[in-house]
Structures are given as structure tokens and as C-alpha cells.
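Structural overview for review
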Amino acid sequence: MYSDEELAVLLQNPTTQRKAFESMVGQYSERLYWMVRKMVLDHDDANDVLQNTFLKAWNGLSSFHGNAKLSTWLFRIAVNESVDFLRRQKSHATLSADDDSGIANTLMADAWFDGDETQALLQQAIASLPDVQRTVFQLRYFDDMKYSEISQILNTSEGSLKASYHIAVKKISDFFHSHD
């Protein structure tokens, strides 16, 4: 297992690039999958987004100059891919976050979903948030990221992120109070 710094050097060298990329995929796949899965909810969709993330990373290796940590760069790509996926999905209107039973019922019927009804409702509440609030909430709440890390991934000030998080928590709380 390589450190971010070692991988960054190996990825820039054409003779070690492929092996370093394979190592990077091995090191980050599971963590990225679960981050993406919390955003897009469906197992198959999360796998598709993850594949797109690594494809974009491979195609963008020449633009990675080590200004940010490798993990930050990967997380930024994964978050952007997840948000793009959700926007495309929303434009196709396959699920409505406003439908009181849509997302929760879909999750409860999903064989890959291992949560209970409360967790399904939480996912429905999160899905109803605007993109930035949803992303900040998920990275902070589920991935336990520091605001400084989220700031680097989303390229947004920590103060703005804290405000988005607290607004998201309030909206989620309101969602649960309306479903009592």
C-alpha cells in the first residue's frame, strides 16, 4: 500500500503509471463506493458512478499536479460524478424526492439496502435537499470529514459549508417532524 504522495509520484511516471493506478483503485474503491452509494442510493448506480470516477481520474492524470492530496482529487471527481448523475436522474424524473413514499419504499425493496425504515426515510430526507446541502451533509455526517477536507473537495469556504450543514440538519429534522 502506497501513501498519497508515493502514488502521486508513481502516477506521473509513464513506466509506473498503470501499476500505480491499479494500486490507487484498490486502495480507494471501497471508501469511494460507500461515499457515492450514500449519494446515489442504488448499488448498480453507485458502481456506474465509481467506474466513471476512475475513468475520469485515468483520463485526467496529466492534469493532476499534486497541488491537492490524491485522495482529495479523487473525492472531488467522485462527488462531481455523483452530483452529475443525480441531476441527470432528476431530469428523467425516475424518482420524486417529494413523493412521501418513493425513495423510502424503493430502498426498502432494494436487496442491497441493509437499513431499516428510519434509515430509508433519512435517505429520502437527504435526497430532498439541494445538491450542495446534500453533499455537505453526507460528507460530514456519514464520512465524518472535517470541514477543512470538505472545503478542499468542494472548493468552498468552511463558513459556507458549516452554514449549509446546519441548514441541512434543520431541513432533515423538519422532514422527520412532518412524518410523525
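This text goes with the structure placed above it.
My aim in this report is to walk through the structure given alongside it, one point at a time. Because the structure is a prediction, the values reported are computed rather than measured. (Residues numbered from 1 in each chain as written. Predicted model: local features only at pLDDT ≥ 70, side-chain atom pairs only at ≥ 80, totals over all residues. Heavy atoms only, no water.)

Observations regarding helix H2 (residues 17–40)
Given a rise of 1.5 Å per residue, 24 residues ought to cover 34 Å, yet the end C-alpha atoms of H2 are separated by just 30 Å, more than 12% below that figure. Its maximal kink placed at Tyr28, H2 deviates by approximately 50 degrees. Positive backbone phi, approximately 75 degrees, marks Leu41, located one or two places after H2. (Helix = DSSP H or I, 4+ residues; strand = E, 2+ residues; numbered from the N terminus. Expected span 1.5 Å × (residues − 1). Bend = angle between axes of the 7 residues up to and from the residue.)

A look at the pattern of salt bridges
Counted according to the given criterion, the structure contains five salt bridges. The partner of Glu81 in a salt bridge is Lys56, and the shortest N-O contact between them spans 2.6 Å. Placement of Glu81 in helix H4 (residues 70–92) and of Lys56 in helix H3 (residues 43–59) is noted, with a sequence separation of 25 residues between them. By relative accessible area, which is 8% here, Glu81 ends up buried. Where Arg87 meets Asp131, a salt bridge forms, and the shortest distance between an N and an O atom there is 2.8 Å. Here Asp131 lies in helix H7 (residues 131–142) and Arg87 lies in helix H4, a separation of 44 residues in the sequence. Residue class for Asp131 comes out buried when judged on its relative accessible area of 15%. Residues participating in the shared-partner salt-bridge network are Arg87, Asp131 and Arg134. (Salt bridge = Lys/Arg side-chain N within 4 Å of Asp/Glu carboxyl O. Buried < 20%, exposed > 50% of the residue type's maximum accessible area, 1.4 Å probe, protein only.)

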